[in-house]
Amino acid sequence: MTTVAVKPATMAQALTRALRDAMAADPTVHVMGEDVGTLGGVFRVTDGLAKEFGEDRCTDTPLAEAGILGTAVGMAMYGLRPVVEMQFDAFAYPAFEQLISHVSRMRNRTRGRMPLPITVRVPYGGGIGGVEHHSDSSEAYYMATPGLHVLTPATVADAYGLLRRAIASDDPVVFLEPKRLYWSKDSWNPEQPTDVEPIGRAVVRRPGRSATLITYGPSVPVCLEAAEAAQSEGWDLEVVDLRSLVPFDDETVCASVRRTGRAVVVHESTGFGGPGGEIAARITERCFHHLEAPVLRVAGFDIPYPPPMLERHHLPGVDRILDAVARLQWEAEG
Amino acid sequence: MTVMEQRGAYRPSPPPAWQPRTDPAPLLPDAEPHRVLGTEAAAKADPDLLRRLYAQLVRGRRYNTQATALTKQGRLAVYPSSTGQEACQVAAALALEERDWLFPSYRDTLAVVARGVDPVEALTLLRGDWHSGYDPHTHRVAPLSTPLATQLPHAVGLAHAARLKGDDVVALALVGDGGTSEGDFHEALNFAAVWQAPVVFLVQNNGFAISVPLAKQTAAPSLAHKAVGYGMPGRLVDGNDAAAVHEVLSDAVRHARAGGGPTLVEAVTYRIDAHTNADDATRYRGDDEIEAWRTHDPIELLEAELTTRGLIDAAALEAARQDAEEMAASLREHMNRDPEPDPMALFDHVYAETTAQLREQRALLQAELDAEQEHHGEQEGGAR
Ligand SMILES: Cc1ncc(C[n+]2csc(CCOP(=O)(O)OP(=O)(O)O)c2C)c(N)n1
């Protein structure tokens with residue numbers, strides 16, 4: 001048996017490969033959005049698809065997000081599996097009406113008779129120096145809408161595996177792509193891309209004993225870095241990558257927190273009304289007697305996303321995470 | 001007797017006479033874009049106006065090349081050049097009275113500057129130190145809008161409010177060809193027409209929305225045709241002919257001010273540069289097209305008119321160039337200073353009165369910055 005060289009690949013390349021494989025495997029998979037055809041998307045994630053599968057399968061739409069998602073609903077009603085691209089986080093907002101009023105609840109409205117297998121790809125989050133409306137973390141809006149799955153990969157392998165799972169899902173999936181990880185590289189074998197666990201499973205990225213950092217998407221590498229840095233101060237941090245915000249993997253999260261007794265939730269999105277509040281509440285409800293300290297949150301400030309020159313002060317970085325970890329200790333002693 | 005028998009047999013009759021609400025004929029745009037330069041109509045144009053347009057075009061072009069150069073030096077995060085589209089932008093600003101309002105899209109920096117906004121402040125958004133560098137009230141210019149077409153309903157609302165107050169203020173809203181596909185475009189036009197709001201919509205049709213050509217954006221004969229369905233006039237104009245754009249826009253503004261309601265103007269032009277400095281236009285278009293449009297350059301068109309008719313001499317042309325150079329030099333100089341936005345300003349202006357939560361977060365950041373400062377101090381101390 002020959003071994004295939006494992007080459008470094010970017011997350012964007014893995015996503016492209018996932019789309020391509022999904023289209024090749026299933027003729028009902030259609031990709032559509034602004035600039036996805038000839039240009040291959042502004043992040044080149046759909047590069048080459050129009051050429052390989054034709055413009056009917058990878059379609060440059062008119063510039064209208066509500067129209068893109070609304071027509072995808074009709075296409076899905078007729079048996080297709082649309083994968084739509086929203087160009088940037090904040091430009092998905094015109095499509096909210098379709099997403100909230102129809103996409104998320106069509107299965108429920110029709111008592112299960114009309115499921116909508118639609119994948120909505122949304123590049124999201126900050127850290128790339130984008131001007132306003134190019135850096136929003138919109139996950140809380142999606143999480144608050146029953147009927148949607150909300151996924152976000154943090155590694156190259158997960159980007160491939162999760163997107164394949166999303167497209168194959170018979171339910172609508174909001175697939176949040178952390179745009180500052182698009183160019184991050186991992187050793188990954190593009191010739192033999194591997195599957196991931198079914199939707200809804202978190203993963204322990206780094207085992208540890210003294211506290212758990214619970215995070216996802218763009219904050220995963222930051223938490224791993226913080227965990228390395230914390231080692232010198234005697235903290236052995238476990239890092240849990242949620243991968244799926246909806247459904248939420250209580251099992252993996254609680255198992256970890258029960259082991260470590262302390263938890264910090266880390267995300268870029270605002271803290272107030274943000275995902276961390278829900279996660280902290282769930283942990284408290286399930287692990288109260290195992291907790292040595294309150295569950296803390298390290299989040300973006302509760303402000304509109306700031307301009308590029310100030311975003312480093314807004315985004316949760318290693319130091320802010322370490323400060324929170326230190327407070328866990330203090331809480332334990334106090 | 002059954003109910004049917006009581007009512008008697010149903011006798012079909014023709015429906016009541018149907019009347020269209022508006023005669024669509026006068027609303028329809030001309031078949032060809034309106035032109036002034038190089039035609040007999042040019043003789044009627046005010047030479048002073050032509051010279052003012054010219055000076056602003058030259059300034060605008062220089063602004064575009066300077067800003068693009070600044071992206072290469074890393075002084076600007078991104079710049080969407082409007083080279084080739086200067087006539088639309090300049091005419092937009094010059095067609096308005098001081099009391100009128102401009103609602104620009106993200107590519108419309110030149111219109112904003114021509115309206116009097118400081119050239120450096122107009123770039124604040126694109127430089128990345130704050131979202132809007134100017135006070136919208138000072139020159140009556142709304143912030144540059146990044147989400148497409150979302151500023152159009154704002155323009156309608158402002159124009160409507162002004163009319164309710166009895167002010168003869170007109171709002172001019174700018175949008176690209178791609179933006180006309182958004183739902184907000186439709187809703188804005190419909191409101192404007194139903195309310196007879198004093199608003200003018202200017203579509204700069206520059207051929208592309210990033211990579212998507214007009215043919216994939218609309219099946220309408222022209223974007224100006226869209227007006228008819230809403231019940232407002234549509235006007236088609238050569239977007240590289242500054243005199244023509246100014247004339248058509250001025251007519252539309254006058255019409256709106258006089259209570260005649262909204263107009264949709266489509267200016268046919270071309271985006272000579274890529275979508276932004278970050279875009280690779282070779283992926284979706286060839287050089288031939290660009291070269292063809294270069295021979296229909298807005299500055300050269302106007303310059304030819306002015307010189308052949310003896311309305312401008314070499315000294316005046318040189319003066320316009322000189323003025324543009326000075327503007328560019330000043331822009332360069334100001335942009336080469338490192339802006340130092342205050343991190344604590346993150347918490348300003350989120351609410352009229354700040355909240356307890358934000359005060360807490362402010363204190364957290366202040367503590368972080370103090371610690372950073374102390375750390376720096378220690379390091380410097382250690383080095384000595
Ligand atoms: C609602 C929304 N969707 C998508 C985008 C991303 N985007 C920025 S510019 C652009 C193309 C705009 O084309 P057009 O309206 O023709 O204006 P032009 O760039 O040609 O001036 C797109 C798709 C956006 N800014 N807003």
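Residues numbered from 1 in each chain as written. Chains lettered and ligands numbered in written order. Predicted model: local features only at pLDDT ≥ 70, side-chain atom pairs only at ≥ 80, totals over all residues. Heavy atoms only, no water.

Participant: Please provide a residue-by-residue account of the sheet that holds strand β9 (residues 203–206) of chain A, values included.
Facilitator: Residue and element names in this part refer to chain A. Spatially, the five strands line up as an open sheet ordered β9-β11-β10-β13-β14, and their pairing is mixed. Each edge of the open sheet carries a strand with a single partner, namely β9 and β14 (296–300). Strand-to-strand twist across the sheet, computed as the mean angle between neighbouring axes with direction ignored, equals 25°. In this fold helix α8 (residues 220–231) packs onto β9, β10 (211–215), β11 (237–241) and β13 (263–270), with an angle of close to 175° to the strand it touches most, β11. Docked against the sheet, helix α9 (residues 250–260) engages β9, β10, β11 and β13, running at close to 155° with respect to β10. (Pairing = 2+ DSSP bridges. Helix = DSSP H or I, 4+ residues; strand = E, 2+ residues; numbered from the N terminus. Axes fitted to C-alpha atoms, helices over the stretch in contact; angles between N-to-C directions. Contact = heavy atoms within 4.5 Å.)

Participant: Give me unusual backbone geometry: which residues, what numbers.
Facilitator: A negative phi holds for most residues other than glycine; trans holds for most peptide bonds. All names here are of chain A. Of note, the amide linkage connecting valine 246 to proline 247 takes the cis form, showing an omega dihedral of 0°. At arginine 243, a residue that is not glycine, the phi angle is positive and equals roughly 65°. Residue placement: arginine 243 occurs in the loop between β11 and β12 (244–246). When its relative accessible area of 4% is taken as the criterion, arginine 243 is described as buried. (Buried < 20%, exposed > 50% of the residue type's maximum accessible area, 1.4 Å probe, protein only.)

Participant: Tell me about the domain arrangement of chain A, and name the residues and values.
Facilitator: Residues and elements named next belong to chain A. Domain annotation for chain A reports domain 1 (9–187) and domain 2 (203–327). Measuring from the centre of the C-alpha atoms in domain 1 to the corresponding centre in domain 2 gives 26 Å. Facing the 27 residues of domain 1 at the interface are 22 residues of domain 2. It is Met143, Thr152 and Arg180 that lose the most area in domain 1 upon contact with domain 2, and together they represent 25% of the buried surface on that side. (Domains from an automatic or database assignment. Buried area = accessible area lost by both parts, 1.4 Å probe.)

Participant: Go over the domain arrangement of chain B with me, naming the residues and quoting the values.
Facilitator: Reports of interface size often rely on the accessible area that becomes lost once the parts have come together. Assigned domains of chain B: these are domain 1 (25–336) and domain 2 (343–382). The centre of domain 1 of chain B, based on its C-alpha atoms, is set 41 Å off from the matching centre of domain 2 of chain B.

Participant: Run through α9 of chain A, naming residues and quoting values.
Facilitator: Residue and element names in this part refer to chain A. The complete set of buried residues in α9 reads Asp250, Thr252, Val253, Cys254, Ser256, Val257 and Thr260. Next to the buried residues of α9 lie β9, β10, β11, β13 and α10 (275–287). One or two steps after α9, the chain reaches glycine 261, where phi turns positive at roughly 80°.

Participant: I'd like to hear about the side chain of glutamate 268 of chain A, residue by residue, with values.
Facilitator: All names here are of chain A. As for its placement among the helices and strands, glutamate 268 is situated in strand β13. Among the polar contacts made by the side chain of glutamate 268, one reaches the main-chain amide nitrogen of glycine 126 at a distance of 3.0 Å. Polar side-chain contacts of glutamate 268 include one of 2.2 Å to the side chain of arginine 180. (Polar contact = N/O pair within 3.5 Å; in protein donor to acceptor, adjacent residues only side chain to side chain.)

Participant: Give me the packing of aromatic side chains: which residues, what numbers.
Facilitator: Residues and elements named next belong to chain A. With the rule as written, the count across this model stands at 16 aromatic pairs over all chains. For the pair phenylalanine 43 and phenylalanine 88, a centre-to-centre distance of 5.3 Å together with 65° between the ring planes defines the contact as edge-to-face. Here phenylalanine 43 is found in the loop between β2 (29–33) and α2 (49–53), whereas its partner phenylalanine 88 is found in the loop between β4 (81–85) and α4 (96–103), with 45 residues between them in sequence. Note on phenylalanine 43: relative accessible area 12%, which makes it buried. Accessibility expressed as a relative area gives 12% for phenylalanine 88, which makes it buried. With a centroid separation of 6.0 Å and 80° between ring planes, the pair formed by phenylalanine 96 and tyrosine 141 is classed as edge-to-face. Highlighted residues: phenylalanine 96 in helix α4 and tyrosine 141 in helix α6 (residues 139–143), separated in sequence by 45 residues. A relative accessible area of 47% places tyrosine 141 in the partly exposed class. (Phe/Tyr/Trp six-rings, centres within 6.5 Å; stacked < 30°, edge-to-face > 60°.)

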